[in-house]
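Residue-level listing of the chains:
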Amino acid sequence: MSIASITPDARAPAASLRPLRILITLPYLPWPITSGGKARQFHLIRELASRGHKLTLLVQSKTEADAATEAALGPLVERLVVLPRRSLRHPRTLWHAAVSPLPLLTTVNGFAPELTRRFVSLLDEGGWDVVQIEHSYGFEPFETELARRAQPFVLTEHNVESELGAATYGKWPAALRLLARYDQARARRWERHVLSRAEAIVAVTESDARTLTAIGGRPAHVVPNGVDTRAFADVWPNVHSRHVLFLGNYEYAPNIDAVEWALTHIWPRVWQRMPEAHFTVCGHGLPAGWRSRFPDPRVHFHGYVARLADVQSASAAFLAPLRFGGGSKLKVLEAMAAGLPLVSTREGLSGLGASDGVHAQVGDTADALADALVRTLSDPAAARAMGESARAHVREHFDWSQAATRLEAVYARLSPAGAMPVVRPCPA
């Protein structure tokens, strides 16, 4: 089945869907929202809860569920079960990273006996209409029990993990390149294995869905990212400020690559023609070495910002110099929702349906992006018109309510528990 034949069904409204009991597993807490993945999880959970579905979240997290997290998630779920993730330097992590046939990211999040026990305990309660696993790299603790019970499950992939190699492994030291190639091979094998086990695969973009369908040998559905357009409706960028914004989660390699590429190759070209322009970098997990590595006073590192609208309002444009990643970028959607004039690579616009010259200025080289930035900053009136066109595009096509409806349509097509053939787990 081709992805083209899948998508129309996934758009079918699920207005008649009765309230469901849904068990969702996550390899991180979706609050506070410090990444696109967390934003997607939080808003879809909120939408599903508002429609009467009964949600249980089973989370393995490197951070504890503090009072603010409990306050944000508590009203949305019946149960929030949070277990600690062991450290990267834990002997069990290091052992499996060295000898396991599974990729590094999977070993970090896998081989977690307590997580498996809690998952089994929840399944023993029975009555689950949907079991949903987020990310193939978080699948290992659940595989054996899902196979033993022939329990159908939904797998959501936020990216095509095997296509993130250049951004991730390119940062490894040269001495570890052989290990990097070995881990890439493990990642491709594991991704293919997990996708083939899921009854339903959910992707974020049409492009990712086509790739995941080919890898997994079964159709992938598209549940796009969305944005809370009301939260950005009153943001008015300062198109005369000549301050350009980038926002990202720097625990994610493609965002690190984007900033380093921008500061090394794009901004020197901009400053040759517009020396008064500034670049503001915000987001969670800012690398400590950037301030000393890029000491130019026109570069401002702010880390996590509690009120994104404040920095958007002070900015003249948003630069998305993303070369890797897949999926669709929530930070780009939020910039468009705020009416920020956008300069981006084609990768930065993946899955968003944005057009060059209408919703954004697009380029894929340092020269092209520098030219686009100078054009945007030099013509505030045209930049504002482009930003407003992007805002209207997001309002029309990207809304969390629409995304939740498409996810419900996937749920409506699931088989009952025990309907899946028993398959052998992947040897570890």
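In what follows, the accompanying structure is described.

Reading guide: rules and limits
Residues numbered from 1 in each chain as written. Predicted model: local features only at pLDDT ≥ 70, side-chain atom pairs only at ≥ 80, totals over all residues. Heavy atoms only, no water. Core = buried A, V, L, I, M, F, W, Y, C linked by side-chain atoms within 4.5 Å. Buried < 20%, exposed > 50% of the residue type's maximum accessible area, 1.4 Å probe, protein only. Helix = DSSP H or I, 4+ residues; strand = E, 2+ residues; numbered from the N terminus. Contact = heavy atoms within 4.5 Å. Pairing = 2+ DSSP bridges. Right-handed = clockwise from strand over helix to strand, strands pointing away.

## Side note on the nonpolar core
Here comes step 1: By size, the foremost hydrophobic cluster in this structure holds 94 residues, and its most contacted members are Ile266, Trp267, Val270, Phe279, Trp290, Phe318 and Tyr411.
Here comes step 2: Ranked by residues supplied to this core, first place goes to helix 12 (residues 253-273) with 10 residues.
Here comes step 3: Not counting residues up to four positions away in its chain, the partners in contact with Trp290 are Tyr250, Ile256, Val259, Glu260, Val281 and Phe301.
Here comes step 4: Core analysis: the next-biggest nonpolar cluster, separate from the first, contains 30 residues, Leu102, Trp128, Phe139 and Leu146 among them.

## A short note on the pairing of strand 9 (residues 278-282)
Here comes step 1: Within strand 9, five of the five residues are buried, which leaves the element mostly enclosed by the surrounding structure.
Here comes step 2: Of the two faces of strand 9, the one lined by His278, Thr280 and Cys282 and the one lined by Phe279 and Val281 are each fully buried.
Here comes step 3: Note that strand 8 (residues 243-247) and strand 9 share five bridges and pair parallel. Its bridge partner being in strand 9, Val244 is matched across the sheet by Phe279.
Here comes step 4: In terms of handedness, the path from strand 8 via helix 12 over to strand 9 forms a crossover that is right-handed.
Here comes step 5: Pairing of strand 9 with strand 10 (residues 299-303), which is carried by four bridges, proceeds in the parallel orientation. The partner of Cys282 across the bridge, within strand 10, is Gly303.

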